[in-house]
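Structure at a glance
Spelled out from the first residue to the last, the chains are:
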Amino acid sequence: MVGLESYLFLAATAFIAATLLPFYSEVVLVALLMRGADPGGVFLAATIGNTLGAVVNWYLGRFLLHFEDRRWFPFKPHQIHRAQAWFLRYGKWSLLMAWLPVGGDGLTFVAGVMRVPLGLFVILTGIGKGVRYAVVIALSLGLI
């Protein structure tokens, strides 16, 4: 039996994975599924946590870009420039790709810089991240 604290832990790891620290929430997600966790609960916890973590990046881009030269700042200039190029080419729809391990976090940051409305940001980013977690769950359960 998997308790509420396990889902909260997954949400927290998914949150962290979308923000400052290099971490992969899929490890926790698969472990919970192997312990018999509800796939729907796992999906919701991971998607919500990871999307909320992306919102932190959006706020960093929206309000804290002037700190980009600081050592502690989570994104390097080359990451920001790569994400800006992607964003300029594909526009707000590029947020559907915010789940990508390379560049995805930069896209969420640049969305803040580019002043994408937060509501639209949450919807597009949440869809992309949700699809990724749905695929990971389906693969883990042998459904695809």
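Look a little higher up for the structure.
To keep things clear, this report deals only with the structure shown in the data block. (Residues numbered from 1 in each chain as written. Predicted model: local features only at pLDDT ≥ 70, side-chain atom pairs only at ≥ 80, totals over all residues. Heavy atoms only, no water.)

Below, the discussion takes up the overall build of the protein. Scanning the protein from N- to C-terminus turns up six helices and zero strands. Taken from N to C terminus, the helices and strands of the protein fall in the order α-α-α-α-α-α. Its C-alpha atoms give the protein a radius of gyration of 15 Å, within 12% of the compact-globule value 15 Å for 144 residues. For the protein, with 144 residues in total, the buried portion stands at 42%. Long-range pairs, those at least 24 residues apart, make up 72% of the contacts in the protein with a sequence separation of at least 6. (Helix = DSSP H or I, 4+ residues; strand = E, 2+ residues; numbered from the N terminus. Rg over C-alpha atoms; globule rule 2.2 N^0.38 Å. Buried < 20%, exposed > 50% of the residue type's maximum accessible area, 1.4 Å probe, protein only. Contact = heavy atoms within 4.5 Å.)

Before going further, it helps to examine the pattern of salt bridges. Per the counting criterion, the structure on display carries two salt bridges. One salt bridge connects R132 with E26, and the closest N-O pair in it is separated by 3.5 Å. Taken as a pair, R132 in helix α6 (residues 118-140) and E26 in helix α2 (residues 26-34) lie far apart in primary sequence, 106 residues in all. Across the salt bridge formed by D69 and R70, the nearest N and O atoms sit 3.9 Å from each other. With relative accessibility at 65%, the residue D69 sits in the exposed group. (Salt bridge = Lys/Arg side-chain N within 4 Å of Asp/Glu carboxyl O.)

So, about the layout of surface pockets. Computed from the structure, the largest pocket encloses a volume of approximately 530 Å³. Taken together, 27 residues make up the lining of the largest pocket; nearest its centre are A17, L100, P101, V102 and D105. Secondary structure elements with two or more residues in the lining of the largest pocket: α4 (77-90), α5 (104-113) and α6. Its residues placed into classes, the lining of the largest pocket shows 15 nonpolar, seven polar and five charged. (1 Å grid on protein atoms, 1.4 Å probe; cavity = no way out; pocket = protein on both sides within 12 Å on 5 of 7 lines; lining within 4 Å. Points joined across faces, edges and corners; volume = space filled by probe spheres on them. Nonpolar A, V, L, I, M, F, W, Y, C, P; charged D, E, K, R; others polar.)

Bringing the side chain of T19 into the picture now. Mapped onto the secondary structure, T19 falls in the loop between α1 (4-17) and α2. In this structure the side chain of T19 is engaged in a polar contact, spanning 3.3 Å, whose partner is the backbone oxygen of F15. Beyond its immediate sequence surroundings of up to four residues, T19 is in contact with G53, V56, N57 and D105. (Polar contact = N/O pair within 3.5 Å; in protein donor to acceptor, adjacent residues only side chain to side chain.)

Before going further, it helps to examine α2. Taken residue by residue, α2 has V28, L29, L32 and L33 as its buried positions. Looking down the long axis of α2, one finds its buried residues gathered within 135° of arc, a one-sided arrangement. Residues of α2 that are exposed and point over 90 degrees away from its buried face: V27 and M34. Of the surrounding elements, those touching the buried residues of α2 are α1, α3 (39-63) and α6. One or two residues past the end of α2 sits G36, with phi positive at roughly 95°. (Arc of directions from axis to C-beta.)

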